[in-house]
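A closer look at the structure
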Amino acid sequence: MRHDQARYTREDKHEPLLSEKNETTVEIGDDSPLPDELTRDSLTLPEVSEPEVARHYTRLSQMNWSIDSGPYPLGSCTMKYNPRFTEDLAADPNAAVHPDRSSASVQGTLELYHSLQEYLAEIGGMDAVTLQPPAGAAGEFTGILIAKAYHEHHGNDKSEVIIPASAHGTNFATAALAGYDVVELPSNEEGRVDVEALEAAVSEDTAALMLTNPNTVGLFERDIVEIAEIVHDAGGVLYYDGANLNALLGRARPGDMGFDIMHYNVHKTFATPHGGGGPGAGPVGVVEELEQFLPEPQVREREGNYVLEEPDHSIGKVHGFMGNWLVLIKTYAYISRLGNEGLVDTSAKAVLNANYLASQIDLEVPYGPFHHEFAATSGDRDAADVAKRMLDYGVHPPTTKWPEMVPEAMLTEPTEIESKESVEDLAEAFNRAYGDSDETLESAPNRTTAARIDQASAARNPILSWHTLNDE
């Protein structure tokens, strides 16, 4: 086990800023044109040398875990390494195109957009794609709005969206935000969609079934064709959450399974930066019948030129211009570099790494055979305690306590980018943490920059300024 990431002991955990904040107070003149209530008499500024600044920020970066530090095996959150060549392309001055320029003057940009639309459509088995949504969650919401527009256009009075218990948590929020009542569908004993329960749940009120395949515990829905028929016969559409598409790349396509709408999480599947509240991308693909409802503008090719057009019954804009251009460049570059063979290899390694990791850990994995991720159970040990102890062994722990269908779940996805040695390090950390005493687990972590925190208080009353630390 390599412990080079766990660099700090509890004695080192003083707040690193305070001792470095040499300060100087600057007096401000009285000649400001602003009103008195908007001015101040003096301003206190930090006074540090360049080496102090460099060392300060370097140390802060070392206190943070990142995918450049080591594995980040969050199940269904897919945090993986972003190759640097895509960053170089996005930083190319030729990519700095103002979005207000005319279509005629940015044909190269529009050609890239159009090619990426075609790439994603081919990968997903869709007929048309929009690149506008700025994140996976935004893409998911856009997809449901497209379904809603489709039903309203055809005069279908639909009020319900069916969502399996194994679905992503965002699915429930998305359906509710779009104004639908949520019908939760139980899983069967195998952890998949209960087809009989689905047949009982669908009705003339069913607008859509939201599903990811493989599902959240990594299981492929073997009855997907029958599931699609049941939903379509009820007049609903089948929505694909693209969270787990990296398990299928080059091997199976949602459109071929009967899905009508899907969103792509390009940070998960195609290694762009994770949005984290900032710029991301969540393209949406649809079958031909739904193309007329896509957001506008849509990039289309007309007589050898690329133009921006508004679909006939567009839901309107969901983001400024045509989406987050620099993120989409990275998506295009990643797909182009891998090609067909590379995408097939990506899905193979994602599945291989997950299965190899599961075979090396001492925890039980209740559901299988799984693909790119699995949900282990820590049994009578608290999953959060085990996860915190894993931090002491120099790795990032998996997602815990979810999905609820697995007790004390540790949902794990090593992704395709990890080496055999890296996966073995993860396995050793799992096993050592799981084998530690209750007393050790309850006090963990002990080698990280921050000790165990009161998570509820931290969420409800966060300390947002270093000034506050002086009052502690």
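Since this is a predicted model, take the numbers as computed values, not measurements.

1. Thoughts on the sheet that holds strand β6 (residues 206-211)
The strand order across the open sheet formed by 7 strands is β3-β9-β8-β7-β6-β4-β5, and the pairing between neighbours is mixed. Here the strands that pair on one side only, and so sit at the sheet edges, are β3 (128-130) and β5 (181-185). Neighbour-to-neighbour, the strand axes of the sheet open up by a mean angle of 25°, direction not taken into account. Here 4 bridges tie β6 to strand β7 (residues 237-242), and the two strands are oriented parallel to one another.

2. Topic: the side chain of T399
Turning to its location among the elements, T399 is positioned in strand β13 (residues 399-400). On the basis of relative accessible area, T399 is assigned to the buried category, the value being 16%. In this structure the side chain of T399 is engaged in a polar contact, spanning 3.3 Å, whose partner is the backbone nitrogen of G75. Apart from residues lying up to four places away in sequence, T399 is in contact with P73, L74, G75, A409, M410 and L411.

3. Comments concerning unusual backbone geometry
Between E296 and the following residue, P297, the backbone shows a cis peptide bond with an omega angle of 5°. Relative to the elements of secondary structure, P297 occurs in the loop between β9 (284-286) and β10 (298-302). Cis geometry is found at the peptide bond from W402 to P403, where omega equals 5°. Mapped onto the fold, P403 is located in the loop between β13 and β14 (409-412). You will see that E303, though not glycine, has its phi angle at about 55°, which is positive. Relative to the helices and strands, E303 is located in the loop between β10 and β11 (305-309).

4. Quick notes on the packing of helix α4 (residues 136-153) against helix α5 (residues 169-177)
Orientation of α4 relative to α5, taken along the N-to-C sense of each, is 45°, at an axis distance of 9 Å. The angle between α4 and α5 falls in the class oblique. For the crossing formed where α4 meets α5, the hand is right-handed. When α4 is examined against α5, the residues E140, F141 and I144 are found in contact with a partner set consisting of T170, N171, T174 and L177.

5. Description of the environment of K420
Topologically, K420 is positioned in helix α12 (residues 420-435). For K420, a relative accessible area of 49% gives the class partly exposed. Once the C-alpha coordinates of K420 and N353 are considered, the two residues, 67 residues apart in sequence, prove to be 7.7 Å apart.

6. Here's the deal with the pairing of strand β12 (residues 374-377)
A two-sided burial pattern is seen for β12, the buried positions comprising F374 and A376 on one face and A375 and T377 on the other. For β12 and β14, the ladder comprises 4 bridges, and the chain directions are antiparallel. Of the residues in β14, the one forming a bridge with A376 is M410.

7. Re the sheet that holds β14
Here 3 strands make up an open sheet; going across it, the order is β12-β14-β13 and the pairing antiparallel. Both edges of this open sheet fall to β12 and β13, since each of them pairs with a single strand only. Along the sheet face, helix α11 (residues 383-392) touches β13 and β14 and points at about 50° away from the line of β14.

8. Regarding a nonpolar patch on the surface
Residues V48, V53 and Y57 make up a contiguous nonpolar surface patch of roughly 270 Å² in combined accessible area. Mapped onto the elements of the fold, Y57 is located in helix α1 (residues 50-63).

9. Here's the deal with the environment of A281
For A281, the location among the structural elements is in the loop between α9 (266-269) and β9. Since its relative accessible area comes to 4%, A281 is described here as buried. Distance from A281 to L426, taken between C-alpha atoms, is 30 Å for residues 145 residues apart in sequence. The contact partners of A281, leaving out residues within four places of it in the chain, are P133, P134, A135, G136, Y264, V266, V327 and L328.

10. Regarding the packing of helix α3 (residues 107-124) against helix α10 (residues 325-360)
Interhelical geometry of α3 versus α10 gives an angle of 50° and a closest axis separation of 10 Å. Taken together, α3 and α10 sit at an angle that is classed as oblique. At the point where α3 passes α10, the crossing takes the left-handed sense. Residues T109, L112, Y113, S115, L116, Y119, L120 and I123 of α3 lie in contact with α10, whose contacting residues are W325, L328, I329, T331, Y332, I335, S336 and L343.

11. Observations regarding the nonpolar core
Ranked by internal contacts, the top residues of the largest apolar core, which has 51 residues, are Y113, L120, L198, I227, L245, Y264 and F270. Those elements giving two or more residues to this core turn out to be α3, α6 (195-201), β6, α7 (224-233), β7, β8 (261-264) and α10. Excluding its chain neighbours within four sequence positions, the residues that come into contact with Y113 are L131, V299, M322, G323, W325 and L328. A354, Y367, A387 and A427 belong to the second-largest nonpolar core, a separate cluster that totals 29 residues.

12. Looking at the packing of aromatic side chains
Tallied over the entire structure, the rule returns 5 aromatic pairs. Relative to Y332, the ring of Y119 has its centre 5.3 Å away and its plane inclined at 15°; by these criteria the two rings are stacked. Of this pair, Y119 sits in helix α3 while Y332 sits in helix α10, and the two are 213 residues apart along the sequence. With 4.9 Å between their ring centres and 80° between their planes, Y240 and F259 make a pair best called edge-to-face. Of this pair, Y240 sits in strand β7 while F259 is found in the loop between α8 (254-257) and β8, placing the two residues 19 residues apart along the sequence. On the basis of relative accessibility, which here comes to 0%, the residue Y240 falls in the buried class. Between K148 and the ring centre of Y180, over which it is positioned, the NZ or CZ distance is 5.5 Å.

What counts as what
- Residues numbered from 1 in each chain as written.
- Predicted model: local features only at pLDDT ≥ 70, side-chain atom pairs only at ≥ 80, totals over all residues.
- Heavy atoms only, no water.
- Pairing = 2+ DSSP bridges.
- Helix = DSSP H or I, 4+ residues; strand = E, 2+ residues; numbered from the N terminus.
- Axes fitted to C-alpha atoms, helices over the stretch in contact; angles between N-to-C directions.
- Buried < 20%, exposed > 50% of the residue type's maximum accessible area, 1.4 Å probe, protein only.
- Polar contact = N/O pair within 3.5 Å; in protein donor to acceptor, adjacent residues only side chain to side chain.
- Contact = heavy atoms within 4.5 Å.
- Parallel < 35°, antiparallel > 145°, perpendicular 65-115°, else oblique.
- Left-handed = near helix turned anticlockwise from the far one by under 90°.
- Patch = residues over 30% accessible without salt bridge, like charges linked within 9 Å, V, L, I, M, F, W, Y side chains within 5 Å.
- Areas by Shrake-Rupley, 256 points an atom, 1.4 Å probe, with all protein chains shown as cover.
- Salt bridge = Lys/Arg side-chain N within 4 Å of Asp/Glu carboxyl O.
- Core = buried A, V, L, I, M, F, W, Y, C linked by side-chain atoms within 4.5 Å.
- Phe/Tyr/Trp six-rings, centres within 6.5 Å; stacked < 30°, edge-to-face > 60°.
- Lys NZ or Arg CZ within 6 Å of the ring centre and 35° of its normal.

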